[in-house]
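Here is how the chains run, residue by residue.
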Amino acid sequence: MKNAAIVTYGCQMNVNESAKIKKILQNMGYNITEDVSEADAVFLNTCTVREGAATQIYGKLGELKVVREKRGTIIGVTGCFAQEQGEELAKKFPIIDIVMGNQNIGKIPVALEKIESGDFKHVIYTGEEDELPPRLDTEFDSKKTASIPITYGCNNFCTYCIVPYVRGRERSVPMDQILDEVKEFVQKGYKEIVLLGQNVNSYGNDLETGENFATLLEEICKIEGEYLVRFVSPHPKDFGDDVIDVIAKNEKIARSLHLPLQSGSSKVLKLMNRKYTKEQYIELAEKIKSRIPGVALTADIIVGFPHETEEDFQDTLDVVSKVKFDTAFMFMYSPRKGTAAATMDGQIDQEIKKERLKRLIDLQNENAKETSSAYKDKVERVLVDGLSKKNKEVLSGRTSTNKVVIFKGDKELEGTFVNVKINECKTWSLYGEIVE
Ligand code: SAH
Ligand code: SF4
Ligand code: F3S
C-alpha cells in the first residue's frame, strides 16, 4: 500500500481543503501518514499571507529533497503560495512535480496519474480561480469538529492583503448545499460546525436569491441536534444588526466572535481600505457585547503598517484596552508583492515593528489574564475535546466562548457536552470539575 502525507500551513480554509485532499488520496487507495519520510506522495498545502509562511515552505522543501532522493516521493504543492507562484515554483524547485491552486484540488488524481506516467516533467493547475470549486468529500482529523466553506475568495482588497489575488473573487456557496452539509455532519455526530469564508458576513451578496448571512445562520439553527456553530471571519463593516439579533437569540451560535481590528487608528484603517473608523469599531464591539451577554471577542491586529506613527499605534493600544479581547492574533506588517501597501512610502523600520508588537502583546496578555479571571466559580457548558495533550490524566474541552478548560473525567466523554465548575483561572486555560 502506498503512503501519502499532507502538511498544512495557513488558515482554517486550508485545514478544510487539506481534509478534502486527504479524502481524495484515500479514495485513490493511499494510506495517510503524518511522517513525510515514509510517504510516496507528499502534498504541502501552503499559505502566503506573510513572508514567514513562504520561508517555512522553503525549509520543508529542503527536507523533502532528501526523502525524494531516498524513495522517489512525488511532491505536490497546493494552496495560496502555489497559486501565487504558479509554474515559477516548479522551475525554482525542480523536485516539485505538481503545483496546484486550491480550486483545482479535484484534479489531484489526474495530476498524479500524469506524473506516474513519466511523460510530464511537472503538472501545473492554477486556473479557474473564480469558479466555485466542486463539492468534495472531507475526512476531518477530528471526530467532533467539521468545517464548511460558505464563501470562497474575497472582494475587499485590504491594501496589505494578498488573499484576493490568490483566492479570486468572492463566490457564495448555495444555501441549500450548506444546509445539507450541516445536516449531514450533525447526523454523523459532529458537535461543532465551523463556517468558513474570508468575509462570512457578506455571504449572499453575489446570489440572486436574496439570502444573506443572517438568514443562513437562522436556517442553520433550525436544524435539530446538540451542536455549536462558529464562523470565521466576519468583517466589522458588514456586521449588521440582523446578524447580531440572530446570534443573540440562538444559543447554538457560539459566544465567541472574531472581529478583526487590524488597526485602531482611523488614519491607518483608511490606508488599509478597511472601511470603518476607530469609533465605529468600538461602537460595534460595545453593541455586540451589550446585546450578546457573555460574548468573548477575539481579533487580528497588525502593527507597523506604512505611515503608522507612535500616535497611531497608541490608538491601537487604546482600542485593545477598551474592547478587551479574549485572544488576539498579532502580526508585524509584512509587505506582499502585488498588494497596494507593498509599494506605499512610509514603510516602517523592522525594529520599530518589533518593539510595537512587543508592547501590544504585553498589553493583550494583561487583558487576557483579566478576562480569564471572570470565569472563577462559574459553571460552564464545555464541549470535550478529549485527553489533554499536555497531561493525559485529564480532559480538555472548550466553552462556547472558546476558552480551554481542563478537568478530570472519563475519556469516553470526548465529543459530548458536560458542565464544569471553574475553580482556577490561568491566562490561557481554566481548571475545574464536572458537575451535574
Ligand atoms: N479574511 C480574513 C483573514 C485574512 S488573513 C479576515 O479578513 O479577517 C488573516 C490575518 O492575517 C488578517 O486578519 C491580518 O491581520 C493578517 N495579515 C494579512 N495580510 C498581512 C500582511 N501583509 N502582513 C501582516 N499581517 C497580515
Ligand atoms: Fe484580506 Fe481583507 Fe479580504 Fe480579509 S477581508 S481576506 S484581510 S482582503
Ligand atoms: Fe494563507 Fe491563503 Fe489562508 S494566504 S491565510 S492560506 S487564504
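Look up: the structure comes first, before these words.
What counts, and at which threshold
- Residues numbered from 1 in each chain as written.
- Chains lettered and ligands numbered in written order.
- Predicted model: local features only at pLDDT ≥ 70, side-chain atom pairs only at ≥ 80, totals over all residues.
- Heavy atoms only, no water.
- Core = buried A, V, L, I, M, F, W, Y, C linked by side-chain atoms within 4.5 Å.
- Buried < 20%, exposed > 50% of the residue type's maximum accessible area, 1.4 Å probe, protein only.
- Contact = heavy atoms within 4.5 Å.
- Helix = DSSP H or I, 4+ residues; strand = E, 2+ residues; numbered from the N terminus.
- Pairing = 2+ DSSP bridges.
- Near = heavy atom within 4 Å.
- Nonpolar A, V, L, I, M, F, W, Y, C, P; charged D, E, K, R; others polar.

Draft legend 1. Quick look at the nonpolar core. Among the nonpolar cores identified, the biggest contains 71 residues, and Ile-193, Phe-213, Leu-217, Tyr-281 and Ile-288 are the most heavily contacted of them. Residues contacting Phe-213, with those up to four places away along its chain left out, are Ile-150, Leu-195, Val-200, Asn-201, Tyr-203, Phe-231 and Val-243. With 22 residues, the next largest nonpolar core counts Val-7, Ala-39, Ala-82 and Ile-96 among its residues.

Draft legend 2. Fine view of the pairing of strand E4 (residues 74-79). The element E4 is largely enclosed, with a buried count of six among its six residues. Side chains Ile-74, Gly-76 and Thr-78 of E4 all project onto a buried face; the interleaved residues Ile-75, Val-77 and Gly-79 project onto the opposite face, where all are buried too. Relative to E4, strand E3 (residues 41-46) runs parallel, the two being bridged by six bridges. Within E4, the position partnered with Phe-43 by the bridge is Gly-76.

Draft legend 3. The arrangement of the site of ligand 2 in detail. Taken together, Cys-154, Asn-156, Phe-157, Cys-158, Tyr-160, Cys-161, Val-163, Pro-164, Gln-198, His-235 and Arg-274 form the complete shell of residues around ligand 2. Here the shell around ligand 2 is built from residues that sort into seven nonpolar, three polar and one charged.

Draft legend 4. Layout of unusual backbone geometry. Residue Ser-233 is reached from Val-232 by a cis peptide bond, and omega for that bond is -10 degrees. Relative to the helices and strands, Ser-233 is located in the loop between strand E11 (228-232) and helix H9 (241-249). In this structure, Gln-262 is a non-glycine residue whose phi angle is positive, near 70 degrees. Along the chain, Gln-262 turns up in the loop between strand E12 (256-258) and helix H10 (266-271). With a phi close to 55 degrees, Lys-324 is a non-glycine residue in the positive phi region.

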